Amino acid sequence: MDSAPRRVSCEVAGSRPSPNQVSITGQCRAAIIFTRRIGADIRYDPASGRFSGSYTGSTKGAAKVSGEQQGDALVLTITYPVPAYGDRAATMVIRNAGNGQFSMVVTDKVDGSDKQTSNISFSAG
C-alpha cells in the first residue's frame, strides 16, 4: 500500500433534495495522475436518529454507509461491495469546521491495526 500523502483538488456540489437528505457529487484530481468521481447521498431518519445512504469515491466501488452523529462529527460505518484490506468494513468520520470547511477521515483495519486510509479536508474556494 502506498501511503504517501498527495495534494488533491476537488470540485464538488451539494444539494438538499429533501429536508432530511443531502447529496454531494463531484470529482477529485491528484496532479495529472488520476481523477476519481466522488459523492454521497445521505438521509437522516428522525425516528431512529440514524443516517444512511451511499458513498462513492473508493476504488472498490459505491459503498453503503450508516451511522449517527456523535458530538460535532457524523460517524458512519462504510460497507464496501468487495473486500478492502481483508474485509468489507471501514469507518468514516465527517466533521463540519464551519465557514464552508469540513473534513472526512476514513479508517480501516490494515494488517490488524487501525490505519487512516483517507484524510481529506475540504474548503470553499
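Residues numbered from 1 in each chain as written. Predicted model: local features only at pLDDT ≥ 70, side-chain atom pairs only at ≥ 80, totals over all residues. Heavy atoms only, no water.

A. Structural detail: the pattern of salt bridges. The final tally for this structure, using the stated rule, is four salt bridges. Ionic pairing is found between Asp114 and Lys109, a salt bridge with its closest N-O pair at 3.0 Å. Judged by relative accessible area, which is 53%, Asp114 ranks as exposed. We classify Lys109 as partly exposed; its relative accessible area is 40%. (Salt bridge = Lys/Arg side-chain N within 4 Å of Asp/Glu carboxyl O. Buried < 20%, exposed > 50% of the residue type's maximum accessible area, 1.4 Å probe, protein only.)

B. Layout of the nonpolar core. Within the largest apolar cluster, 17 residues are counted, with the highest numbers of intra-cluster contacts made by Tyr55, Val65, Leu76, Ile78, Tyr80, Met92 and Val106. Taken together, the elements giving at least two residues each to this core come down to strand S3 (34-45), strand S4 (50-56), strand S5 (63-70), strand S6 (73-84), strand S7 (87-98) and strand S8 (101-110). Examining the composition of this core, we find that five residues originate from one element, S6, more than from any other. Once you skip the residues sitting within four places of it in the chain, Tyr80 turns out to touch Ser58, Lys60, Ala63, Arg88, Ala90, Val106 and Asp108. (Core = buried A, V, L, I, M, F, W, Y, C linked by side-chain atoms within 4.5 Å. Helix = DSSP H or I, 4+ residues; strand = E, 2+ residues; numbered from the N terminus. Contact = heavy atoms within 4.5 Å.)

C. Structural context of the sheet that holds S4. Pairing is antiparallel in the open sheet, where nine strands are placed in the order S1-S2-S3-S4-S5-S6-S7-S8-S9. Since the sheet does not close on itself, it has two edges, and those belong to strand S1 (9-18) and strand S9 (113-123), each with one partner. Strand after strand, the sheet turns through a mean of 20° between neighbouring axes, direction not considered. Direction of pairing for S3 relative to S4: antiparallel, over a ladder of seven bridges. If you follow Asp45 over to S4, its bridge partner there is Arg50. (Pairing = 2+ DSSP bridges. Axes fitted to C-alpha atoms, helices over the stretch in contact; angles between N-to-C directions.)

Function cannot be read off these values alone, since they describe shape.
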